[in-house]
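Observations on the three-dimensional arrangement
The primary structure of each chain is shown beneath.
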Amino acid sequence: MLYPQLEQRLQASKHALNRATSESIVEQCKQYLALLAEYRGRLYELQGTSAVSQQPASPSLTNEVPDRKTIREAIERTTLERNRTQLLLFSFTTVSGYEAVEIFNQRKYEGHDDWELRASGVKFQGGEDSDLMTVQEAVDLAGMLRREDYVSQNAP
């Protein structure tokens, strides 16, 4: 462990993200990303110090002075985790009108699989004007449905 306290906080945050609800998952992603950024920044600082050895001299020194390979591997793991989490967050928070319609149709939302995007909003074919959702309402609802799907698929 390079930064034990920070790594423990990272593990706790990842655990909280894995147990998040559809209401809390966006905030949990943001918190986890902030910790990943802090950890990655510290790794880059550590990588730039002269205390970093090229290769471990002895097993006892390995715990005190990490080698460049260990730091590089930690940066790579952290970067992969950051990218994965950013994509997850992006999928929850960036839904287009077309994606909203696709989500509604896949889920047969309100018993319909014929939702369509119109200039005036989103509604199913043959629906009344009262069935019309604004594009923003449809996008917000689709984002919530996507979060619910993710949480239910990844429930412990």
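Read on for a plain summary of the structure. (Residues numbered from 1 in each chain as written. Predicted model: local features only at pLDDT ≥ 70, side-chain atom pairs only at ≥ 80, totals over all residues. Heavy atoms only, no water.)

As a packed pair, helix α4 (residues 68–93) and helix α6 (residues 135–153) sit with axes 8 Å apart at the nearest point and diverge in direction by 135°. Overall, the two elements α4 and α6 adopt an arrangement that is oblique. Each of Arg84, Leu88, Ser91 and Phe92 in α4 lies in contact with α6, whose residues at this interface are Gly143, Arg146, Arg147 and Tyr150. A breakdown of the residues in the contact of α4 with α6 according to their chemical character gives three nonpolar, two polar and three charged. (Axes fitted to C-alpha atoms, helices over the stretch in contact; angles between N-to-C directions. Helix = DSSP H or I, 4+ residues; strand = E, 2+ residues; numbered from the N terminus. Parallel < 35°, antiparallel > 145°, perpendicular 65-115°, else oblique. Contact = heavy atoms within 4.5 Å. Nonpolar A, V, L, I, M, F, W, Y, C, P; charged D, E, K, R; others polar.)

Right, let's talk about helix α2 (residues 25–47) for a bit. Compared with an ideal rise of 1.5 Å per residue, which puts 23 residues at 33 Å, α2 spans 32 Å between its outermost C-alpha atoms and is within 8% of the ideal. If you follow the buried residues of α2, they end up packed against α1 (4–18), α4 and α6. (Expected span 1.5 Å × (residues − 1).)

Turning our eyes to something else, we now look at the pairing of strand β2 (residues 121–124). The two faces of β2 match: Gly121 and Lys123 on one face and Val122 and Phe124 on the other face are all buried. Looking at chain direction, strand β1 (residues 115–118) and β2 are connected through four bridges and run antiparallel. The partner of glutamate 116 across the bridge, within β2, is lysine 123. (Buried < 20%, exposed > 50% of the residue type's maximum accessible area, 1.4 Å probe, protein only. Pairing = 2+ DSSP bridges.)

Bringing the nonpolar core into the picture now. Judged by nonpolar contacts, the single largest core of 20 residues is most densely connected at Leu10, Ile25, Cys29, Tyr39 and Phe92. Sorting the residues of this core by element identifies α1, α2 and α4 as the ones contributing at least two each. The element best represented in this core is α2, accounting for 10 residues. Setting aside chain neighbours within four positions, we find isoleucine 25 in contact with Leu17, Ala20, Phe92, Arg147, Tyr150 and Val151. Val122, Leu141, Ala142 and Leu145 belong to the second largest nonpolar core, which has 14 residues in total. (Core = buried A, V, L, I, M, F, W, Y, C linked by side-chain atoms within 4.5 Å.)

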